[in-house]
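Examining the three-dimensional arrangement
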Amino acid sequence: MQSKGAIRFVAILISLACLFQLSFTLVTALQEKKADKYAESVVTSVQQDPSYSAVSELDKAFYLDSVRNAADNYFLDSISTEKVYFGYTYKSVKEKEINLGLDLKGGMNVTLQLDLAQLIRSCAREKTTDQFNSALALASERAETDHTDFITLFAQAWDEIAPDQRLSFDIDLEKLSGDIQNKSRATNEVIISLLQQEAESAISNSFSVVERRINQFGVAQPNIQKIGNTGRILVELPGVKEPERVRKLLQGTASLEFWHTYTYNEILPYLQEVNDAERLRIASSEAQADSVQTPQDSLAVDSLAVALGQTDATSDVYAQTNPLFTKLQQLGSNTACLGLVHYRDTAEVGRMIRESRVNFPSDFVLAWSFKPSSYASEPVYFELVALKSTANKGAVLDGGVITSARVNYNQMSGGAEVSMTMNSTGAARWEVVTEQSIGRQIAIVMDGSVYSYPNIENKIAAGSSQITGNFTQEEADDLATVLKSGKLNTPARIVQEQVVGPSLGSASIHSGLVSFIIAFCLVLLYILFFYRKAGLAADIALLCNVLFLLGTLVSFGAVLTLPGIAGLVLTMGMAVDANVIIYERVKEELRAGKSLRLAISDGYRNSYSAIIDGQVTTLLTGIILYVFGSGSVKGFAAVLVIGIITSVFTSIFITRLLFERWLKKGKDISFDSPSTREFLQHTKVDFIGKRKISYLASGIVCLICLVSCFTKGFTMGVDFTGGRTYVVRFDAPVTPEDVRAATLDEFNEAAEVKQFGGASQMRITTKYKVDNLSQETDQEIESMLYNALNGFFASPLTLEQFTSTLDNPNGIISSDRVDASIASEMKSQAV
C-alpha cells in the first residue's frame, strides 16, 4: 500500500477535527446539565422555605415550575458571554452544537411567497390600461401551475395580450431603480429587465428583513433560505413556542421611517424622575414585603430573588440610590442615545420608564438599536434612542420616497458611506426636515428598531444624501439594504406551514436513536460473526465512519432530521457492502493459493471498480435529491451524500491500514469462521438456463404494477395535493375506522386517517377548503376536528387545549398545511 504515512496522517487529522466539532455538543449538554442542577437547588431552597407548606397544591406546582424555568434561564443567560471552552463563550458553543431538525426538536417550518404581482403593480402608474391589468391577471393565473419566475410569466402574458404596445405607458420608470439613458424610448425588453432587477432586489431585501426579524425574535439556530428566484423564503424555527406571533411577524411588510430625535440633555431631567420613582417603588415594596406579605407573595418574591441570582450588588449604595442609572450607561450629552443597556436589562429598563408615570413630553418615543452597540467593549449592550414624533404622532418621513441607495467610498476618510436618492415629493420634504434638524440627529428606523441616527450638518436639497459614520463594509451594506427596502411594497403570504410539538419531537428522537442503535449493533455483530478478525477491522472502520459523518454534518452546519437518521442507517449498510465485496474477493484470492499479504493486496485492487460503480450511482441520486428536494428530503440527501464519501474512505483506507499494521506485526488475519467458511460455496442453480422463466415472471409482475398504476392510481400526500394534515394524540387507544367515521360526519367528506406511531396517535389529512389557507379557515377546521374527536378522549379537553400544538401532551401535536400552488411545484420537482 503506497503513501501509508500520508493516509494515516489525514485519517488522524480528520478524526481530531470531527471530535473537536462534536465536542461542542457535549460541552453544551454539560452546561445545560449544570443549569438543571442549579435550577433544582433553587427549587429545593424554595421547598425548604417555611411559607411553602401554606401554599395550595395547585399553586405549588405553578410556583415550582416558574422558579425552575426562571433559574434555568438565569444560569444559561449568565454564562452566555463567559468563555466556557477553549476561548468560546457559551453562546458560541451553543451555535456550534449539532443542529436537530424540527421533526426531532419540535418547532415551526414556514415557506413564504412574496407577492411579485403586487411589486409590479407598485411600479405602475396610478392609472393603467386594460391590457396591463389583463396581462397581470393572466400571469397570476399561470403562476399557479407554471413555476417560471413571475416577471417572465408577466412578459409572456404581455406579448400575447399587447404585443405592439409599449410597457412605458403603464410602468412608471421613475419608480425603477435601474439607470435608463433615454426613458422616452425605453423598450419593453429594457423595462422587463429592470423589473427583473427590481424583483431580485425585493427578494433579497425581504430575505434580509425576515432574517433580522427572526434574529430579534430570539430563536436558537434558525434556518432561513432563499428558494431560487421563485420569490419564496424558507424559514425553520426549532423550539419556537408562539406560532401565531411568528405568522404575524413574517407576513408584515417592512416599515422604514425617518424620525426627529431628542438629545440626552433634554431627556435627562425626566430620567432622574424615573430613577427617583423606581427607588421609592423598591423601598415601598421592601416595606410591604416585611409587613403584609401573604405566604404565596413571600414565596414568589423569595423565589424570584434566588432564581435571578440577586447578590450583594443589589445592596450596593449606588445601586440602591440609582436603580435606573446603574443599568443605563451614559454615552454622551448631545446625542440621541440615552445610554447603553445590557441585553439582560433591556426589559427592566423599559418597565421602569413605562411604569414610572413620569410626564415625558407627549411626542417622546423610545426605541432600541437593532443590534449591539459598537461603542461598548462587548457586543452585549444595546443603545436606547430618544425619538421625537410629529404632530401626527409618527415619523417625519417614510421610506416610500427612496428611489435608490448604494454604498460608496469617501475619498477623504477612506471609509464606507451610504448614498440615498429620493423622489421629487420626498426631496422637497427632506429639505424641510434637514433644515429643521441642523446640528441634531435624524433616526433611521425599521420595524421599530433604530439602524442609524446620523448628524445633520446642513440643509439637504435635491433629495440626494450621504450618510457617513464609522461604518464597516458589512454595516454600510446593511444600511443600504434597509434604505432600499423602504420603497418596496412586496407583501408575503404563507404557502406552506408545519408545526411540530416538542412531545412529538422527543418521541422522534427516542425512536430514531433506538432504531439507529439496534441497526448499528446488529451490523457490528453480523460482520464480526461472519468475518472474524477481518470483521473487527470492518467494525473499527464503521465506528470511524459514524464519527466522520457526524463531525462533517456539524462542521457544515447541516441539520439532522428523522429521515437523516434513516440515511445514517442506510449509510452503515452501504459501508458494510464495500467491506463484503473486498473480503469476498480476498477469500477468492486465498482459495487460488496466494499468500495472505498478496491476497489482501489483489483483493483490494480488484474490488475498487465494483465499489466505486455502486457508490457513484447512489451519490448521483443523493445529489439530485438534495438539489430538487426540500426540508426533510434534503436532510436525508445530505446525510446520504456525506455518508457515501466517508464510507468509501473508511472501507478502503481504514481497514487497509489496520491490515498492514497487523501483517507487519506478523499477526494472522482470518476472513471467515468455521460456520461461515463454506457459505454459498457449493450452490448449483442454473440461473442462465432458467432465464426465460425469470423473464416471464418479472414481466407478469411489471404488467400487474403498470395496470395498478393507471387504474387505481396513487394516493397523493398533502405535499402533492395541498391541504392540511394533523397528528392527533389521544389519551386512550382508538382505531382509524372510528376516527375516519367521526371526521366524515363533521366534514361531510372523507378524510385520510392513518395510525402514526402507537394506537393512540392518528395522522389525519383533509382537503376541506384546500384553496383557502387563511388563519380563519385554520381555526374553523381545528374547531371541527375538536367537535369530531373530543369524544374519543377519556379526559375531554377544551378547544384551547386541543389546538395548543406546543403546550399539551394530547390533542393536536403536529400540523402541516400546503398551498395548492406549492403542491403543484413539489409534484413537478419530484417527477
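A few words now on the overall build of the chain. Within the chain, the regular secondary structure consists of 26 helices and 22 strands. Relative to its full complement of 831 residues, the chain shows a buried share of 45%. Put simply, 73% of the contacts in the chain that link residues at least 6 apart link residues at least 24 apart. Approximately 42200 Å² of the chain is accessible, and the part contributed by carbon and sulfur atoms is 55%.

With twelve residues, helix H23 (residues 736-747) extends 16 Å between its outermost C-alpha atoms, agreeing within 8% with the 16 Å of an ideal straight helix rising 1.5 Å per residue. Within H23, the full set of buried residues consists of Pro736, Val739, Ala742, Thr743 and Phe747. Considered in projection along H23, the buried side chains sweep an arc of 130° and stay on one side of the axis. Across H23 from its buried face, at more than 90 degrees, point the exposed residues Glu737 and Asp745. In this structure, the buried side of H23 is in contact with strand S20 (752-755), strand S21 (761-766) and helix H24 (775-789). Of the residues flanking the end of H23, it is asparagine 748, one or two places downstream, whose phi is positive at about 60°.

As summarised here, the arrangement of the eight strands in space is S5-S6-S4-S17-S22-S19-S21-S20, forming an open sheet in which the pairing is antiparallel. With one partner strand each, in any of the chains shown, strand S5 (223-227) and S20 form the two edges of the open sheet. With direction set aside, neighbouring strand axes in the sheet form an average angle of 20°. The sheet contact formed by strand S17 (residues 492-500) and strand S22 (residues 811-818) spans five bridges and is antiparallel. Paired with valine 499 across the bridge in S22 is serine 815.

Of all seven residues that make up strand S6 (residues 232-238), seven are buried, and the element is covered over most of its length. In S6, alternate side chains face the same way, and those of Arg232, Leu234, Glu236 and Pro238 on one face and Ile233, Val235 and Leu237 on the other are all buried. Note that strand S4 (residues 107-114) and S6 share seven bridges and pair antiparallel. Its bridge partner being in S6, asparagine 109 is matched across the sheet by glutamate 236. Where S5 meets S6, five bridges bridge the pair, whose relative direction is antiparallel. Paired with lysine 226 across the bridge in S6 is isoleucine 233.

Describing an aromatic ring pair means giving the distance of the ring centres and the angle of the ring planes. On inspection of all chains with the given rule, the structure shows 32 aromatic pairs. Here phenylalanine 154 and tryptophan 158 contribute two aromatic rings whose centre-to-centre distance is 6.4 Å and whose plane-to-plane angle is 40°, an arrangement assigned as tilted. Within this pair, phenylalanine 154 and its partner tryptophan 158 are both found in helix H7 (residues 150-161), separated by four residues, close to a single helical turn. Aromatic pair phenylalanine 370 and tyrosine 451: ring centres 3.9 Å apart, planes at 20°, arrangement stacked. Of the two residues, phenylalanine 370 sits in the loop between strand S9 (364-368) and strand S10 (381-388) while tyrosine 451 sits in strand S15 (residues 449-452), which places them 81 residues apart along the sequence. Each of the two residues, phenylalanine 370 as well as tyrosine 451, counts as buried. Taken together, the aromatic side chains of Tyr526, Phe530, Tyr531, Tyr583, Tyr604, Phe659, Trp662, Phe671 and Phe679 make up a single cluster linked through ring pairs.

This part is about a nonpolar patch on the surface. A cluster of nonpolar residues, Ile612, Val616, Leu620, Ile623, Ile624, Val627 and Phe628, forms a patch on the protein surface that exposes about 640 Å² of accessible area. Mapped onto the fold, isoleucine 612 is located in helix H19 (residues 596-628). A relative accessible area of 42% places isoleucine 612 in the partly exposed class.

In this section: the pattern of salt bridges. On inspection of all chains with the given rule, the structure shows 24 salt bridges. Two residues, glutamate 97 and lysine 94, come together in a salt bridge whose shortest N-O distance is 3.0 Å. Note on glutamate 97: relative accessible area 12%, which makes it buried. A single salt-bridge network, built from bridges that share partners, covers Glu278, Arg281, Glu348, Arg351 and Glu355.

Here we take up the nonpolar core. In this structure, Leu542, Leu553, Tyr583, Ile600, Phe659, Ile669 and Phe671 are the most contacted members of the largest nonpolar core, which totals 50 residues. Elements with a minimum of two residues in this core: helix H1 (4-47), helix H17 (502-555), helix H18 (562-591), H19 and helix H20 (632-664). Of the residues forming this core, the biggest block, 20 residues, is contributed by H17. For leucine 553, the contacting residues outside a window of four places in its chain are Ala558, Leu560, Val639 and Ile642. Within the second largest apolar cluster, 47 residues are counted, among which are Leu153, Leu176, Ala199 and Ile214.

The subject of this paragraph is the packing of H19 against H20. Orientation of H19 relative to H20, taken along the N-to-C sense of each, is 170°, at an axis distance of 9 Å. Comparing their axes, H20 and H19 come out roughly antiparallel. Per-class residue counts for the contact of H19 with H20 are 19 nonpolar, six polar and five charged.

Residue position: arginine 729 is located in strand S19 (residues 723-729). At 2.8 Å, the side chain of arginine 729 and the side chain of glutamine 761 are in polar contact.

Note on placement: leucine 194 falls in helix H8 (residues 188-217). With relative accessibility at 6%, the residue leucine 194 sits in the buried group. Taking C-alpha positions, leucine 194 is 9.2 Å from leucine 173, a pair spaced 21 residues apart along the chain.

This part covers the confidence of the model for the chain. Chain-level statistics for the chain give a pLDDT mean of 82 and a share of 88% at 70 or above. Taking the mean pLDDT of every element in the chain, the minimum, 41, falls on helix H11 (residues 295-307) and the maximum, 94, on helix H21 (residues 691-711). Here residues 291-315 scores under 50 on pLDDT; set against residues more than four positions off or in separate chains, the count is 36 contacts.

The rules behind each value
- Residues numbered from 1 in each chain as written.
- Predicted model: local features only at pLDDT ≥ 70, side-chain atom pairs only at ≥ 80, totals over all residues.
- Heavy atoms only, no water.
- Helix = DSSP H or I, 4+ residues; strand = E, 2+ residues; numbered from the N terminus.
- Buried < 20%, exposed > 50% of the residue type's maximum accessible area, 1.4 Å probe, protein only.
- Contact = heavy atoms within 4.5 Å.
- Areas by Shrake-Rupley, 256 points an atom, 1.4 Å probe, with all protein chains shown as cover.
- Expected span 1.5 Å × (residues − 1).
- Arc of directions from axis to C-beta.
- Pairing = 2+ DSSP bridges.
- Axes fitted to C-alpha atoms, helices over the stretch in contact; angles between N-to-C directions.
- Phe/Tyr/Trp six-rings, centres within 6.5 Å; stacked < 30°, edge-to-face > 60°.
- Patch = residues over 30% accessible without salt bridge, like charges linked within 9 Å, V, L, I, M, F, W, Y side chains within 5 Å.
- Salt bridge = Lys/Arg side-chain N within 4 Å of Asp/Glu carboxyl O.
- Core = buried A, V, L, I, M, F, W, Y, C linked by side-chain atoms within 4.5 Å.
- Parallel < 35°, antiparallel > 145°, perpendicular 65-115°, else oblique.
- Nonpolar A, V, L, I, M, F, W, Y, C, P; charged D, E, K, R; others polar.
- Polar contact = N/O pair within 3.5 Å; in protein donor to acceptor, adjacent residues only side chain to side chain.
- pLDDT = per-residue confidence, 0-100.

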